[in-house]
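Secondary and tertiary structure notes
Next come the chains, spelled out residue by residue.
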Amino acid sequence: MNTLVLAVFSAMFAAPQVGIPPRQNPGQNRCKNPPRRTPPGAQRPPQAPRITDPARGRGNIGDPFGGALGRGRIGQQQPGCKSVPRTRPEILGWQDWWDLNRESFINVRGRYHDDYASQLTARTSSDPRRPRRPSAEQIETAIRPVLQSLTEEDSEIAVAALLGLARSGSEDSAELTLDRIQDFLRDTQDPLQVQGVLALGVLGEDSTASLTDLLMNRPAGRRLLGQSSHVPETTRAFAAIALGVSGGEEAVDSLISVLDDKGHTWTELRSACVMGLGLLIDDPRHRTRITRFLMSSLEKERWQNTVLAHIPTALAKSSDPAASSSLVRALSRDNLPQEVLRSCAMAMGRLAAPLDPTVTDALLKVAKSDADPWLRQLSWIALGELAARSDHRDGSLRPADQKVLQKIVHAQRDALRESEADTPWIAISAGIVARQHPMMAQPAVSRLMQALEDGPRDLRGAAVLALGISEANQATTHLQELLKESGDEMIQGYAAEALGMLRDRSAKSQLLNLCMTAPSEDLRYQAALGLGYLADPVTVKPMIVALQRNPSPAVQSALTQALGEIGDGSCIDGLTEIAKDESLDDASRSRAVAALGMIARAADYSWNWPLKQGYNFTVTTSTMGTVHAMF
């Protein structure tokens, strides 16, 4: 290990003081247009436009967190949507960033199947409990027929089944699935109808023509919906997202055409078109054209602030160095709306060259002194991502990169001492860095452990999560103690998630017990997530039993999502039993149906993961809120 770098890390995390009131910010808000969202700690910012959804009881599909943000327990859910209970104040913060970005750090299916397979021995290879991906025969004979039969239901169960069929489809069955989705669209009204539109996107390029007809409000699109007058704007917005998911040659032309149409000014539709282009931008066939179009649109500032704010995060998916340079310049402009500046900072953490000194300096300048708390805090996350993307887990950094890394960790140390409001974000940033640079991680882990003892509550919760992100296995004993004895539901919840991330299998009994019996629905939900992160074959059967016995919608949602992400063929029979049980409510059945579809998918990650990763949640739209809440 490089002695100099170790010394720097040790000095950085040498007992910094926490809990000190933040310094006075000498800077002024550089944005000529006042922020459209109120920063954390102030009055609740305005919610995204609501679209009433009677299937969910309370909540709305404009809430990216299942209608539960700040409202505690919720009622019925969208088909395949997560129920994420929240009892904390309605202020967006680091928890919301984590809700959207967790899959960047936890590939549950990969660790469950691939990691376990690498550890097999002659004894364990014949163990009937070992994880097994479903075979093509299982998918065709045990999953698809069940899903096909459930598409005849007249509720959210049908939508979940259609999404499952789209995820599991082979080339031979794609046409049949397309026909069934189109029949559903003609027979169903909002809000379930828009879920069917998303199912078209998940199906792939076979549905590009239908989605284009919907987006462009063509007669064929109206006939597809059984409409005579027009395709609703809401449906068009979902079609834009679905086009990005499906791909296809015509998709780029259609999305750009709608954005260029000066007769359309609806923020939802334009934002969705930008997000759709962001999903297509990394295709070599389209990258240059989309990048140039979006960069030109950002420079001209010809759209609403919310729409402009989605451009940098769409560009972040391009891997185009020219886009990175453009965003660095944008971050220093005085005339850009604050929402856009936040997205520029977020994008640079994912797009710029790892440990780029120019980008590091630009982000540090903002993180240390900008008047907008969100911009500061998101810049800290971007700095962590920028450092973590330098893939030198053995500690063999170039001298120039070592210098940039030293600058980042010194800045983290100073900010932890001086800026109480930002310390949770800085703790997570430190965890991200420690994850990718394990040879240097011990001083960072020691600092995070200290924060559990003497930090403010919000910092302690973030530090617990950061220990899980950093893969600090030496923290498991302390985290188990917190899970048992902290008495703070937030701390216990994130300890449950962290123990799952750290694969502490000795905690599985405790997690399962909390999942079933914890008085707090929040804690039951996070314990269920922790069980999923463990990715332990021994937990699969108890999770099915817990799913059958636990009436909590939130816990059912977490368990079904976890079982779907695990993707073990042994889950099929138990989930099928729940999906077909007509004595259960539709929401419970639809979650089991969604999990069956997840088990049948080919990819390790969820279909909407690219839409959540790096998303600027401070300017969410109703359309994206629905997409994010689904699994």
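Rules behind the numbers
- Residues numbered from 1 in each chain as written.
- Predicted model: local features only at pLDDT ≥ 70, side-chain atom pairs only at ≥ 80, totals over all residues.
- Heavy atoms only, no water.
- Helix = DSSP H or I, 4+ residues; strand = E, 2+ residues; numbered from the N terminus.
- Buried < 20%, exposed > 50% of the residue type's maximum accessible area, 1.4 Å probe, protein only.
- Phe/Tyr/Trp six-rings, centres within 6.5 Å; stacked < 30°, edge-to-face > 60°.
- Expected span 1.5 Å × (residues − 1).
- Patch = residues over 30% accessible without salt bridge, like charges linked within 9 Å, V, L, I, M, F, W, Y side chains within 5 Å.
- Areas by Shrake-Rupley, 256 points an atom, 1.4 Å probe, with all protein chains shown as cover.
- Salt bridge = Lys/Arg side-chain N within 4 Å of Asp/Glu carboxyl O.
- Lys, Arg positive; Asp, Glu negative; His and termini not counted.
- Charge placed at Lys NZ, Arg CZ, Asp CG, Glu CD.
- Axes fitted to C-alpha atoms, helices over the stretch in contact; angles between N-to-C directions.
- Parallel < 35°, antiparallel > 145°, perpendicular 65-115°, else oblique.
- Contact = heavy atoms within 4.5 Å.
- Nonpolar A, V, L, I, M, F, W, Y, C, P; charged D, E, K, R; others polar.
- pLDDT = per-residue confidence, 0-100.

Attention shifts here to unusual backbone geometry. Positive phi, normally seen in glycine, also occurs at Asn217, with a value near 55°. Positive phi values are uncommon outside glycine, yet Glu471 reaches one of about 60°. Looking at the secondary structure, you find Glu471 in the loop between helix H22 (457–469) and helix H23 (476–485). Looking at Glu471, the relative accessible area reads 35%, which means it is partly exposed.

Enumeration over the complete set of coordinates arrives at six aromatic pairs. Aromatic side chains Phe293 and Trp303 sit 6.1 Å apart centroid to centroid with 50° between the ring planes, which places their arrangement in the tilted category. Of this pair, Phe293 sits in helix H13 (residues 287–300) while Trp303 sits in the loop between H13 and helix H14 (305–315); the two residues are 10 residues apart in sequence, bridging distant segments of the chain. The burial state of Phe293 is the same as that of Trp303; both residues are buried. Put simply, the rings of Trp97, Trp98 and Phe105 touch in pairs and so form one group of aromatic residues.

Time to look at helix H21 (residues 441–454). Its 14 residues give H21 an end-to-end C-alpha distance of 20 Å, which sits within 8% of 20 Å, the value for a rise of 1.5 Å per residue. Every buried residue of H21 is accounted for by Ala441, Pro443, Ala444, Val445, Arg447, Leu448, Ala451 and Leu452.

What follows concerns a negative patch on the surface. On the surface, a cluster of negative charge is contributed by Glu175, Asp179, Glu205 and Asp206. Turning to its location among the elements, Glu205 is positioned in the loop between helix H7 (192–203) and helix H8 (208–215).

We now examine the packing of helix H18 (residues 373–388) against helix H20 (residues 423–436). The N-to-C vectors of H18 and H20 enclose an angle of 5°; their axes lie 8 Å apart at closest approach. Comparing their axes, H20 and H18 come out roughly parallel. Only Trp425, Ile426, Ile428, Ser429, Ile432, Val433 and Gln436 of H20 make contact with H18, whose side of the interface consists of Gln377, Leu378, Trp380, Ile381, Leu383, Gly384, Glu385, Ala387 and Ala388. Class assignment of the residues belonging to the contact of H18 with H20 gives a composition of 11 nonpolar, four polar and one charged.

Overall, the predicted model of the protein reaches an average pLDDT of 80, with 81% of residues at or above 70. Mean pLDDT across the secondary structure elements of the protein bottoms out at helix H1 (residues 3–12), with 36, and peaks at helix H12 (residues 267–280), with 96. In the model, residues 1–90 has pLDDT below 50 throughout and makes 245 contacts with residues more than four positions away in sequence or in other chains.

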